[in-house]
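# Chain and residue survey
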Amino acid sequence: MKLMEKISAAKANANTALIYSEDKTPVSVRLDHVSKIYEDPKTHRHFYAVKDSNIVIEPGEFVTLLGPSGCGKTTTLRMIAGFESPDEGQIYIGDVPINAMTPNQRDTAMVFQSYALFPHLNVFDNVAYGLKLRKLQTPRVDENGNPVLEIDKGQIKRIEKIIKDLEKKLNAKDLSEENKESLTRELEIQKKLLEETMNTPVQAYDYRDFTKDEIRAKVTAMLELVELPGMEERMTNQLSGGQQQRVALARALILNPSVLLFDEPLSNLDAKLRVSMRTEIRKIQKKVGITAIYVTHDQSEAMALSDRIIIMNKGFISQIGSPKEVYYQPKNEFVADFIGEVNFIEGSVIDMDETNITVKADNHFITMKNQFNFKKDDEVKLVLRPEAAHLTDSGDIKVEVILSTFMGSYQLYHVKQGNNVVKITEYNPRNQRIFQVGETAYLSFDDADVHPLPSHEPIKVETIYLD
């Protein structure tokens, strides 16, 4: 290898995030018993912002972290990105443990809420910026075209530096037992990784700068992908909010990262533009096939984008499932209430067999699977979505109409059932009987549309303090 090629390779090996690889397959992301501890600035008490998270995100999957403010979703994303370090547990991208890696050593790219575009650069230079800092990685082959294998000395140096930093941290004074255990586990993982790396030959690569023509071709193709062709010379302050977000997405995608991270990227856009942009993000992610992790507090955004949704509450994972699963089969009252509109109908178990229970709600009887190990006489909350409920002139559950409002595509009702208020959205009301306020009616629904939950959940989620 020539001297300049060796220098180029040495620079590239100093930081894996500064290497661009054309050929990548989607990777998984795994959180193994990950926790993060913060200090409350007012009380100075330490608490778990994230507690014992176990998550496996499959290669090429689009997963959304969803929950109210303070639930731990952003903290989880920041730990994956490297802006925060876990106090417990380990994070993996593919099979590589990344806890000890800095953000610029991880093969990830972030799309921020604020776009974070360079105002003094035009669209082309904003998108091209990362490529100008990176080296293009090309496989090295011998004279017969066979792959050249060698020990990855650059990776060995990086791991050795991580081990040295961990050992230095372990020797620090006033180290808590929790931090000592976490650092010790991380040190063991890195030493094992070092041993494997030193004994496993891998594909050798050469590295070089991108040419101007290569950069222009990639930027042009990326702007086509995000539907901004011909915008190269525009300054970012000449773009709309949606166009700026597309530029931010293009700037992240052009690096061909293994994992794409989104930190509430649409929250600064108006409602109509948010809907169109989330459609574009999902379309582009599926086309590229990249593993994506998205943070939002908007339930409809999560439902529209995700293969799976991770719902968090006070640092804990409440449920992981597809949009349909978390909507129709919530595991607890928090999930049911957080995802969309919901009614809770009170009932009790009056009969059961090996697999099913019979629940009596008012004068209505429902047979369903025993999903929560209910026993006879247990109180049950039946989850009933407003669009699954209807009003009729006869039935088993008598109600009084207390609100009747025409909303265009649906008639909105609030009805009183005992001490309970039930919301109903009766779609396409044009040719239907409209009930007026004060009328008596009957609540009707398909038994398959209700989902049972324990009336009194045994565990209420509370923030866990360490002191």
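Scroll up to find the structure this text is about.
To start, this report covers the structure provided alongside it. None of the values given here were measured: they were computed from a predicted structure.

### Quick notes on the overall build of the protein
Scanning the protein for helices and strands turns up 11 helices and 25 strands. Over its C-alpha atoms, taken along the principal directions, the protein stretches across nearly 90 × 55 × 50 Å. Relative to its full complement of 467 residues, the protein shows a buried share of 47%. Of the contacts formed within the protein by residues at least 6 apart in sequence, a portion of 71% connects residues at least 24 apart.

### Here's the deal with the packing of helix 3 (residues 123-133) against helix 7 (residues 241-253)
Axis angle and axis distance: for two packed helices, these are the angle between their axes and the distance between the axes, and together they describe the pair. Close contact between helix 3 and helix 7 brings their axes to 7 Å; oriented N to C, the two are set at 30°. Considering the angle they form, helix 3 stands roughly parallel to helix 7. Pair helix 3 / helix 7 crosses with right-handed handedness. Contacts from Val123, Asn126 and Val127 in helix 3 reach Val247, Ala250 and Arg251 in helix 7.

### Describing the nonpolar core
Within the largest apolar cluster, 41 residues are counted, with the highest numbers of intra-cluster contacts made by Val127, Val219, Leu249, Leu253, Leu260, Phe262 and Ile281. For this core, the secondary-structure elements that each account for two or more residues are strand 7 (108-111), helix 3, helix 6 (212-225), helix 7, strand 12 (259-263), helix 8 (271-288) and strand 13 (291-296). In terms of residues, this core owes the most to one element, helix 7, which gives six residues. With near-sequence residues (within four places) excluded, Leu253 lies in contact with Met222, Leu225, Leu260, Ile284, Val288 and Ile290. Counting residues in hydrophobic clusters, the runner-up holds 34 residues, among them Ile55, Leu193, Ile293 and Ile310.

### Considering the sheet that holds strand 8 (residues 135-139)
The three strands lie next to each other as 1-8-11, forming an open sheet whose pairing is mixed. Looking at which strands have only one partner, the edges of the open sheet turn out to be strand 1 (19-21) and strand 11 (205-209). For this sheet, the mean angle separating the axes of adjacent strands, direction not counted, is 40°. Where strand 8 and strand 11 come together, five bridges link them in antiparallel fashion.

### What to know about the environment of Ala217
Take Ala217: it is sitting in helix 6. When the C-alpha atoms of Ala217 and Ile339 are compared, they prove to be 43 Å apart, with 122 residues separating the residues in sequence.

### Describing the packing of aromatic side chains
Scanning the model with the defined rule gives 12 aromatic pairs in all. Look at Phe62 and Tyr294: their rings are 5.8 Å apart centre to centre, the planes differ by 40°, and that puts the pair in the tilted class. One end of the pair, Phe62, is in strand 4 (residues 62-66); the other, Tyr294, is in strand 13, and 232 residues separate them in sequence. Summarising the burial analysis for this pair, Phe62 and Tyr294 share the class buried. Note on Tyr294: relative accessible area 0%, which makes it buried. Within the aromatic cluster, the residues linked to one another by ring pairs are Tyr38, Phe47 and Tyr465. Geometry around Phe344 places Lys381 over its ring, the cationic atom sitting 5.4 Å from the centre.

### Some thoughts on helix 8
The terminal C-alpha atoms of helix 8 lie 26 Å apart, and with 18 residues this matches the ideal 26 Å at 1.5 Å per residue to within 8%. Within helix 8, the full set of buried residues consists of Arg274, Met277, Arg278, Glu280, Ile281, Arg282, Ile284 and Gln285. Considering only its buried residues, helix 8 is in contact with strand 4, helix 6, helix 7, strand 12, strand 13 and helix 9 (299-305). At the N-terminal end of helix 8, a side-chain oxygen is found 3.2 Å from the backbone nitrogen of Lys272, two or three residues along, and the residue is Asp270. Gly289, located one to two residues past helix 8, shows a positive phi value of around 80°.

### Quick word on the sheet that holds strand 6 (residues 96-97)
In space, the four strands of this open sheet follow the order 3-2-5-6, with antiparallel pairing throughout. At either margin of the open sheet sits one strand with a lone partner, and together these are strand 3 (46-57) and strand 6. Of the strands in this sheet, strand 2 (29-39), strand 3 and strand 5 (88-93) touch helix 2 (residues 73-81), which is tilted by about 115° from strand 2.

### Here we look at the packing of helix 7 against helix 8
Here helix 7 crosses helix 8 at 20°, and the two axes come no closer than 11 Å. What the angle tells us is that helix 7 and helix 8 run roughly parallel. In this structure, helix 7 meets helix 8 at a crossing whose hand is right-handed. When helix 7 is examined against helix 8, the residues Gly241, Gly242, Gln245, Arg246, Leu249 and Leu253 are found in contact with a partner set consisting of Leu273, Met277, Glu280, Ile281, Ile284 and Val288. Its residues assigned to classes, the contact of helix 7 with helix 8 comprises seven nonpolar, three polar and two charged.

### A short note on the pairing of strand 22 (residues 410-417)
Bridging between strand 21 (residues 397-406) and strand 22 involves six bridges; their strand directions are antiparallel. By the bridge assignment for strand 22, Leu403 is matched with His414. Taking the residues that link successive antiparallel strands as the turn, the strand 21-strand 22 hairpin has three residues, and the phi of Gly408 there is positive, at about 90°. Bridge count for strand 22 against strand 23 (residues 420-427) is eight bridges, and the pairing is antiparallel. When the sheet's bridge partners are listed, His414 is paired in strand 23 with Lys423. Between the end of strand 22 and the start of strand 23, which pair antiparallel, lie two residues, with Gly418 showing a positive phi angle near 65°.

Cut-offs applied
- Residues numbered from 1 in each chain as written.
- Predicted model: local features only at pLDDT ≥ 70, side-chain atom pairs only at ≥ 80, totals over all residues.
- Heavy atoms only, no water.
- Helix = DSSP H or I, 4+ residues; strand = E, 2+ residues; numbered from the N terminus.
- Buried < 20%, exposed > 50% of the residue type's maximum accessible area, 1.4 Å probe, protein only.
- Contact = heavy atoms within 4.5 Å.
- Axes fitted to C-alpha atoms, helices over the stretch in contact; angles between N-to-C directions.
- Parallel < 35°, antiparallel > 145°, perpendicular 65-115°, else oblique.
- Left-handed = near helix turned anticlockwise from the far one by under 90°.
- Core = buried A, V, L, I, M, F, W, Y, C linked by side-chain atoms within 4.5 Å.
- Pairing = 2+ DSSP bridges.
- Phe/Tyr/Trp six-rings, centres within 6.5 Å; stacked < 30°, edge-to-face > 60°.
- Lys NZ or Arg CZ within 6 Å of the ring centre and 35° of its normal.
- Expected span 1.5 Å × (residues − 1).
- Polar contact = N/O pair within 3.5 Å; in protein donor to acceptor, adjacent residues only side chain to side chain.
- Nonpolar A, V, L, I, M, F, W, Y, C, P; charged D, E, K, R; others polar.

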